[in-house]
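Letter by letter, the chains look like this.
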Amino acid sequence: MSNNPPKMTASHVDVHYGSNHAIRDVSIDVYQEDVTAFIGPSGCGKSTFLRSLNRMNDTIPTARVSGDIRLDGEDIYARGMDVVQLRARVGMVFQKPNPFPKSIYENVAYGPKIHGLAQSKAELDRIVERSLTRAGLWNEVKDRLSDSGTTLSGGQQQRLCIGRAIAVDPEVILMDEPCSALDPVATARIEELIHDLRGRYAIVIVTHNMQQAARVSQRTAFFHLGQLIEYGDTSDIFTNPRQERTKDYITGRYG
Amino acid sequence: MSKSLVPHAPVSTAEVEPHRPTDWRSIAMERRIRRRYAAERRFRLLGLGAVVVSAGFLAFLLVVMIAQGHLGFVETRVALPLDLRQARLGLTAERLRGPGADLALAGAGLERAVDAAANRAYPMQGGAALLSDGAWLRVRDRIKRDPHLLSRPFMLTLPVASAIDVAAKGNGTPAAERSVAALGPRLSRGIAWSFFSGADSTDATRAGIWGGLKGSLLTMLVTLALAFPIGVLSAIYLEEYAPRNRATDFLEVSINNLAAVPSIVFGLLGLAVFIGTLHLPRSAPIVGGLTLALMTMPVIVIASRNAIRAVAPSIRDAALAVGASPIQVVSHHVLPLAAPGILTGTIIGMARALGETAPLLMIGMRAFIAAPPGSLTDPATALPVQIFLWSDQVSRGFVEKTSAAILVLLVFLLAMNGVAILLRNRFETRW
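Residues numbered from 1 in each chain as written. Chains lettered and ligands numbered in written order. Predicted model: local features only at pLDDT ≥ 70, side-chain atom pairs only at ≥ 80, totals over all residues.

### What about the overall build of chain B?
Right, so step 1: Along its length, chain B carries 16 helices and 3 strands.
Right, so step 2: Computed over the C-alpha atoms, the radius of gyration of chain B is 33 Å, more than 25% above the 22 Å expected from 2.2 N^0.38 for a compact globule of 431 residues.
Right, so step 3: Considering only C-alpha atoms, chain B reaches an extent of 125 × 65 × 40 Å along its principal axes.
Right, so step 4: By the burial criterion, 36% of the 431 residues in chain B qualify as buried.
Right, so step 5: Partitioning the contacts of chain B with sequence separation of at least 6, the portion at a separation of at least 24 is 76%. (Helix = DSSP H or I, 4+ residues; strand = E, 2+ residues; numbered from the N terminus. Rg over C-alpha atoms; globule rule 2.2 N^0.38 Å. Buried ≥ 20, exposed ≤ 12 C-beta atoms within 10 Å, placed from the backbone. Contact = placed C-beta atoms within 7 Å.)

Next comes the structure, spelled out in structure tokens:
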């Protein structure tokens, strides 16, 4: 645990999809130097909650978010908040790798281009190289940057998507079950990558896989039926859960 | 334990019944298998039959059209000896080099001179009546290219009158057939270039499709310039920006209904609005284009919306997640991926507009117009309307012209559909 103020704070957050009350009164702090894992059975609302951290829920017309979510103390649902900039500061990696049907280079360069982060082609090249290196993909693709991003394998595509998120220099990276479509080898690479990225970005990862949560995260939140059941240090959650429901889930009696 | 997540497992009653293995070889089972195969066979035969019938219709249409129409591209010519020195045209080679050449030749009585030559050469076969009305124009063009012909005798093959032309192609009246037999080897055949360059005429040998074709092209230009941007922008707005509510639902239903409205209704609308209220010129391509744009727009809106909707939501999410604004998501990602579908829909809509006759009749594009339109506001006709007008003609020469014009229209439609298919295949979605 750290003494720094949290990177993101969510307090008393409720999310509705139409009449469906998907998230009930959830409060969580996310710290810069930790990887935070959200675990819980399917449909428990962990992805929904994740998507409200960068306002991706805005794209769903029936979704309503209430409560207070702050990034560095700034209310991200405030009237004057620029959603486009927020999403650049809080990047996201999705469950299924979704590279643009463009070249590998273009995939990474797109974000910096639209935000004007590079003044010259050379600078853009440097950003692409740095991002792909951080995403652990540079050595595999440096000779074929003009190939389509969709020609890569699933695991490479997902690392490309991570590289794409890194390229706009975000402060927080949200990962929505980033390994659920990948084989164990590719999963291990992503986990390694998350480990390397820890500290540079605040990382929040939603996962179905409890071993993964135990391996990659320092803090874990257990969701069930839209409620936050327990939130604490990963080691505590997995070895000494305070709640009966958490214990049932962790020990595989449910989920 | 009250807070435990584990539900108590209910005991199924089905477990109590004894297990009976399925007999896959029983008589009932075999009969079912036979019936299944028979149904499969029947269905495949029906499908094959349907395909054969529709292909047969298409082949029949093409064979009939080509059989009748190919002669429309051909004209019969007769060899005519000419010596213009006798005609005293009062023309010099110098005058024919200037810009007033056409006027000088028309005023000099060239037509009379050609008629006189025909009367001299073929007195028994009708003389001047043997030649097409436009035959002297060929002589004129020839002299313009080679003014020295004014001062020496020469031979020229000239198009014959419609009745002789029809007889030479084997479908004439007995009198004309006799003339053809008498002329024998002095008749020849050639490609009727005037069919591609001429406009409408009362004389079948002079009638051409260029007037109708150019009218159609100008009309399509107006249609495309209006229907494409309006249709695509509406589709983008409805798909990407419009909220889902009663008003947009109503709009959607209206657009779908608009696409199904009979085309003649759009003609009436065009007549009432563009000509009646806005006082735009009658029979003009601009009015035709506006009217057809009304008809084509819903088709483009529907096709574009489908294409936009078919773009994977994950691509939108990906773009939004790196901080692309809605307009950037649309212009950088959605539109490029939807473009093949949008263009295919547009081309199919345009092809439908190109073949449309009824609304153009309503706004007066069915007038007899003997010159190709020079601008969007000139009186014009369109190719399908031209076909309709020719099919109504009594003169026999127009039968083959009608079929030939249909072939030209078909070529354009097939080419447009071909481009649409090409686009669809070339830019197949790849994500």
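Read on, since the account is not over.
### Side note on the sheet that holds strand S8 (residues 202-206) of chain A
All names here are of chain A.
Right, so step 1: Taken together, 6 strands build an open sheet; the order of strands is S6-S7-S8-S3-S9-S10 and the sheet is mixed. A strand with exactly one partner marks an edge of an open sheet, and here the two such strands are strand S6 (90-93) and strand S10 (227-233). Taking each pair of neighbouring strands and ignoring which way they run, the sheet shows an average axis angle of 15°.
Right, so step 2: Bridging between strand S9 (residues 219-224) and S10 involves 6 bridges; their strand directions are antiparallel. Its bridge partner lying in S10, Thr-220 is registered against Gly-232.
Right, so step 3: The strands touched by helix H6 (residues 154-167) are S6 and strand S7 (172-176); relative to S6, the strand with the most contacts, the crossing angle is about 170°. (Pairing = 2+ DSSP bridges. Axes fitted to C-alpha atoms, helices over the stretch in contact; angles between N-to-C directions.)

### Points about helix H9 (residues 246-260) of chain B
Right, so step 1: Taking 1.5 Å as the rise per residue, H9(B) with 15 residues should run 21 Å; its terminal C-alpha atoms sit 21 Å apart, in good agreement.
Right, so step 2: In terms of residue burial, H9(B) counts as a barely covered element, since only 0 of its 15 residues are buried. (Expected span 1.5 Å × (residues − 1).)

### What about the interface of chain A and chain B?
Right, so step 1: On the chain B side, the residues contacting the 28 residues of chain A number 21 residues.
Right, so step 2: For the side of chain A that touches chain B, the elements supplying multiple residues, two or more each, are helix H2 (83-89), S6, helix H3 (104-114), H6 and helix H10 (244-250) of chain A.
Right, so step 3: When its residues are assigned to classes, the side of chain A that touches chain B shows 14 nonpolar, 7 polar and 7 charged. (Nonpolar A, V, L, I, M, F, W, Y, C, P; charged D, E, K, R; others polar.)

### Overview of the nonpolar core
Right, so step 1: Grouped together as the largest cluster of nonpolar side chains are 141 residues, with contacts concentrated most on Phe38(A), Leu174(A), Ile203(A), Val204(A), Ile205(A) and Ala405(B).
Right, so step 2: At 13 residues, the largest contribution of residues to this core is made by helix H11 (residues 285-309) of chain B.
Right, so step 3: Residues Leu82(B), Val139(B), Ala161(B) and Val166(B) belong to the second largest nonpolar core, which totals 29 residues. (Core = buried A, V, L, I, M, F, W, Y, C linked by C-beta atoms within 7 Å.)

### Describing the domain arrangement of chain B
Right, so step 1: Each assigned domain of chain B is listed here: domain 1 (76-141 + 153-191) and domain 2 (210-426).
Right, so step 2: Between the C-alpha centres of domain 1 of chain B and domain 2 of chain B there is a distance of 44 Å. (Domains from an automatic or database assignment.)

### Topic: the environment of Ala186(A)
Residues and elements named next belong to chain A.
Right, so step 1: Along the chain, the position of Ala-186 falls in helix H7 (residues 184-197).
Right, so step 2: Here the alpha-carbon distance between Ala-186 and Gly-154, two residues 32 residues apart in the chain, equals 8.0 Å.
Right, so step 3: Here Ala-186 is in contact with Gly-154 and Gly-155, once residues within four sequence places are set aside.

### Remarks on helix H10 (residues 263-277) of chain B
Residue and element names in this part refer to chain B.
Right, so step 1: Compared with the 21 Å implied by 1.5 Å per residue over 15 residues, the 20 Å span of H10 between its first and last C-alpha is a close match.
Right, so step 2: Approximately 25° is the largest bend angle found in H10, and it occurs at Gly-270.
Right, so step 3: The secondary structure elements touched by the buried residues of H10 are H11 and helix H14 (358-362).
Right, so step 4: Of the residues one or two after H10, His-279 is the one with positive phi, at around 55°. (Bend = angle between axes of the 7 residues up to and from the residue.)

### What about the environment of Ala135(A)?
All names here are of chain A.
Right, so step 1: Structurally, Ala-135 is set in the loop between helix H4 (121-134) and helix H5 (138-141).
Right, so step 2: Between the alpha carbons of Ala-135 and Arg-164 there is a distance of 8.7 Å; along the sequence they are 29 residues apart.
Right, so step 3: Once residues within four sequence positions are removed from consideration, Ala-135 is found in contact with Arg-159, Leu-160, Ile-162, Gly-163, Ile-166 and Leu-193.

### Quick word on the sheet that holds strand S1 (residues 8-17) of chain A
All names here are of chain A.
Right, so step 1: Reading across the sheet, the 4 strands line up as S2-S1-S4-S5 and stay open at both edges, with antiparallel pairing between neighbours. Bordering the open sheet on either side are strand S2 (20-30) and strand S5 (74-75), each of which pairs with just one other strand.
Right, so step 2: Inspection of the sheet shows S1 paired to S2 by 7 bridges, in the antiparallel sense. Directly across from Thr-9, in S2, lies its bridge partner Asp-29.

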